[in-house]
Amino acid sequence: MLRNYFKVGIRNILKYKAFSFINIFGLAVAMSVCLLIILMLADQLQYDEFHANKDRIYRIVSKTEPGSLPYATSPEPLAEALKSEYGIAEKTTRLMMGLGGDAIYKEQIQTMRGFFADPTFFDVLSFDLIKGNPATALVEPNSLVITNEFAERLFGSEDPIGKSIEFTDRGLPHLEVSGVDSPPMELGSFKVTGVVNVEGIKSHLKFDGLLSSTTRQSLIREEKIDDERDKWEKHFHCYTYILLDEQKTLVDLNFALGEITANKYAELEELENFVLTPQAVTAITPGTLMSNMTTFSMPIEGYYLLGFLAFVIMVSACLNYTNLSIARVLTRAKEIGVRKVTGASRKDLIFQFLSESILISCMALIGAILLLVLVKPAFMGLWINKYLNFNLQENLSVYLVFMAFAILIGALAGVFPAFHMSKFMPVKVLGGMRKVGAGKLGFRKVLTGMQFVLALFFIVTSLLIYNQLRHFLEFEYGFTSENIVNIELQSNDYEIIANELSSVAGVSGISASGYIPSTGISYSTSLRKQGEDEFEGISRLSVDEHYVDNLDLKIIAGRNLPPSGETGSKYIVVNEAAVSLFGFETPADIIGQVFEVKNEDESVEVIGVVQDFRFQLLMIEDKINPLVMRNLPENFSYLNLKVASSDLMGTVKQLDQKWAELDGVHSFEYQFFDQQLANTNQAIGDVVSIIGSFAFLAITIACLGLLGMATYSVERRMKEVSIRKVLGAESFRITLLLSKEFLKLLGISILISAPMSWFLNNLWLENFANRVEFGLGTVLLGTLILLVLGLLTIGSQTLNASRKNPVDALRAE
């Protein structure tokens, strides 16, 4: 019987080639997107599967409010409390931030990022220590474990075990992002006691090295790092992992965390709603937006969005199949009647139609896999993927999931047509079935209309996001970014580097800053007017005396910062927003005012006010926040070079050569300021690409469905068209007659989708900082695009039908 179903299915596919192509191609296009998401999920679900006790390992995350997103960090004393006071942990281990700088061995220097780690690190997490003893590698002070990749970079072919390196901390974050605002500090000499193999594993932890936590005690005594060992209120610098005792359960762990929270935070007013919760190590990737701060990964919210979009596209393709299958009822009515007369039950017919649907879906799977070969490179080429590091490799298990997915889609797409067509009575269909459906607004038209509603929504959304991206790219920040090269100082003395680089031909100006504004990095401090009680939080930017002129900032009151020196750091320049923050009516009123700086002994005096400019990320902040600028050379991390030469790259090449003479260790790290600003919005560019791709797929599938319906309608009415032509009807009137029904459908879809698109897009746009104007123009443009595509689809069939020779259609009569 199955073989018979297969043969009949193949014959029907070959017999109705146009409908089969539309169904197979539409399903293949939609399925290719779904297969890509399956590959992405398969890649992410491999993370942390290598741990021997993965089912009992939990990371403790924290929430400042019960309903807020969790932070990956927790208080430093938590691990000891869980083990000693509650006895629910077989082992605990911690990773503390604070390791990011230069590792030096002989003449070699490499940037090393990592953590301070407890001796129990390898007892809890199953990283493979290929050199050294995991039981002792992190026990002694000044012990250092490095990865095999870092060992190759720093030591080359030498055996690193037992070798000592000098380490200078530069305050680099463990994630490789730009933005440093702390002076370099020599932490000392460290002995390599182990090498970890990180090749071929997927872990939420990314590091170059691990320093023993016992090292921190001497660093605390030397006041090189802060002591947070007993500070429960400090919960942003430590990652806590627990290997749950085999006799304990997750309920016990949650109970213990609840008691700790109640006991330790009851008297801390600012953390009265603080919550500690366990997170399974295998659930970290993919996790929520803030739950994985140790490596870059797509948050689960991203998968929800992509999954929803893929679901919409897949539903649209399934609707196509359902719609066209129902439209062919009249064609297959006699086949159904004959099969029932010869003994086929309704169940047999349902299985037959479902098998045809699954067969078409499996054919579509082959096309989807071929399309996936084209889609993958485009996805891997997205800017954001250089941070997400997807490795979309297929394997047998993934192909089995693909096959199961295809069968499921085939069953879902074919279930309604199967039940609908199998219920026909033999007498009725063999006696001459003339029509199918429920009038002019039948089920088939509703399905087609839904597709166009979705298509218009995708088109309008794509246009809106594109306009938002263009708005960001053309945004006026309030400072000059053209022909400015930002160079990382990498712990070098900024005055020496600035003096030497300023001699390069083509350099017209040079300044220094702690970070690059409007690229996502910012720092804060607290000020209060003398005589007042409350400190006010305010953003801070360390700059030298040339920064204002170099970036063409406008001083509207007072004067610029003086050079650094004995008194240079005692003066500050603020922006207009800061003037308002401290209650002054005009910028001139704040000049000469003295402020106290929190946690500093000396006060500062305001000597100037600059016009407001954008220093925060556009997509995060709408208003311009208060800012204080101060000349603090120890915080400088970048030089800002203005290039007047027309040969920009030639000047950069000379700068590179000069840098090599000054620093033979660090490579020349630079970026063009305008390109940096563009890169900050590149994530939106990727969203434009993704949403635009989905819009293209949605409109393609909708037009394919409309093409199929128009083709079928024309075929059914060819004799009517021929008679009308014989009686003198013009081609234009015949085209209008055949198109009228579909044009009404298209119009109704637009009437539904246009206001829906405007309303739904306004919901997210209202929460978007620095948003573009969203008016009727965008909706009308999307509507026009949909109308043109719809008219081309319908017209290609109806116009062709109106021009055919009526003799060909009437010959059989």
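Residues numbered from 1 in each chain as written. Predicted model: local features only at pLDDT ≥ 70, side-chain atom pairs only at ≥ 80, totals over all residues. Heavy atoms only, no water.

J.: Even after reading the chapter, I still don't get the packing of aromatic side chains, so can you show me in this structure?
T.: Evaluation of the coordinates by the stated rule reveals 24 aromatic pairs. Taking 5.9 Å as the distance between ring centres and 85° as the angle between the ring planes, the aromatic pair formed by Phe115 and Tyr239 counts as edge-to-face. With Phe115 in strand β3 (residues 108-117) and Tyr239 in strand β9 (residues 238-244), the pair connects residues that are 124 residues apart, well separated along the chain. Ring plane angle 20° and centroid distance 5.5 Å describe the contact between Phe121 and Phe127, whose orientation is recorded as stacked. On the basis of relative accessible area, Phe127 is assigned to the buried category, the value being 7%. Among the aromatic side chains, those forming a connected cluster through ring pairs are Phe475, Tyr477, Phe479, Phe613, Phe615 and Phe673. Stacked on the ring of Phe116, the Lys or Arg Arg216 has its end atom at 5.6 Å from the ring centre. Taking the ring centre of Phe584 as reference, the NZ or CZ of Lys529 above it sits at 4.8 Å. (Phe/Tyr/Trp six-rings, centres within 6.5 Å; stacked < 30°, edge-to-face > 60°. Helix = DSSP H or I, 4+ residues; strand = E, 2+ residues; numbered from the N terminus. Buried < 20%, exposed > 50% of the residue type's maximum accessible area, 1.4 Å probe, protein only. Lys NZ or Arg CZ within 6 Å of the ring centre and 35° of its normal.)

J.: When you look at empty space enclosed by the protein in this model, what are you seeing that I'm missing?
T.: Rolling a probe over the atoms, with the probe sized like a water molecule, indicates the empty space that remains. This structure, assessed with the given rule, holds two cavities of 30 Å³ or more. When its residues are assigned to classes, the lining of the second largest cavity shows three nonpolar, one polar and three charged. (1 Å grid on protein atoms, 1.4 Å probe; cavity = no way out; pocket = protein on both sides within 12 Å on 5 of 7 lines; lining within 4 Å. Points joined across faces, edges and corners; volume = space filled by probe spheres on them. Nonpolar A, V, L, I, M, F, W, Y, C, P; charged D, E, K, R; others polar.)

J.: Explain the sheet that holds strand β12 (residues 507-513) here, please?
T.: Strands belonging to one sheet form pairs held by backbone hydrogen bonds; the direction of such a pair is parallel or antiparallel. Across the sheet, four strands lie side by side as β12-β20-β11-β21; this open sheet has antiparallel pairing. Each edge of the sheet is formed by a strand with only one pairing partner; in this case those strands are β12 and β21 (670-672). Taking the axes of each pair of neighbouring strands and ignoring which way they run, one obtains an average angle of 25° across the sheet. Pairing between strand β11 (residues 484-488) and strand β20 (residues 638-643): five bridges, direction antiparallel. Opposite Asn486, over in β20, you have Asn640 as the bridge partner. Along the sheet face, helix α19 (residues 648-662) touches β11, β12, β20 and β21 and points at about 160° away from the line of β21. Across the face of the sheet, helix α20 (residues 673-680) comes into contact with β11 and β21 while running at roughly 80° to β21. (Pairing = 2+ DSSP bridges. Axes fitted to C-alpha atoms, helices over the stretch in contact; angles between N-to-C directions. Contact = heavy atoms within 4.5 Å.)

J.: For this particular structure, what's the right way to read the environment of Phe458?
T.: Relative to the helices and strands, Phe458 is located in helix α14 (residues 443-473). Relative accessible area serves as the criterion here: at 2%, Phe458 is assigned to the buried category. Once the C-alpha coordinates of Phe458 and Ala695 are considered, the two residues, 237 residues apart in sequence, prove to be 4.6 Å apart. For Phe458, the contacting residues outside a window of four places in its chain are Leu309, Val312, Ile313, Ile691, Phe694, Ala695 and Ala698.

J.: Explanation requested: the packing of helix α15 (residues 494-501) against α19 in the structure shown.
T.: Two quantities define a packed helix pair, namely the angle between the helix axes and the distance between the axes. It is the contact of α15 with α19, at a shortest axis distance of 10 Å, that shows an interaxial angle of 140°. In terms of orientation, α15 lies oblique with respect to α19. The handedness of the crossing between α15 and α19 comes out as right-handed. In contact with Ile497, Glu500 and Leu501 of α15, α19 contributes Leu655, Lys658, Trp659 and Leu662. The class makeup of the residues in the contact of α15 with α19 is five nonpolar, no polar and two charged. (Parallel < 35°, antiparallel > 145°, perpendicular 65-115°, else oblique. Left-handed = near helix turned anticlockwise from the far one by under 90°.)

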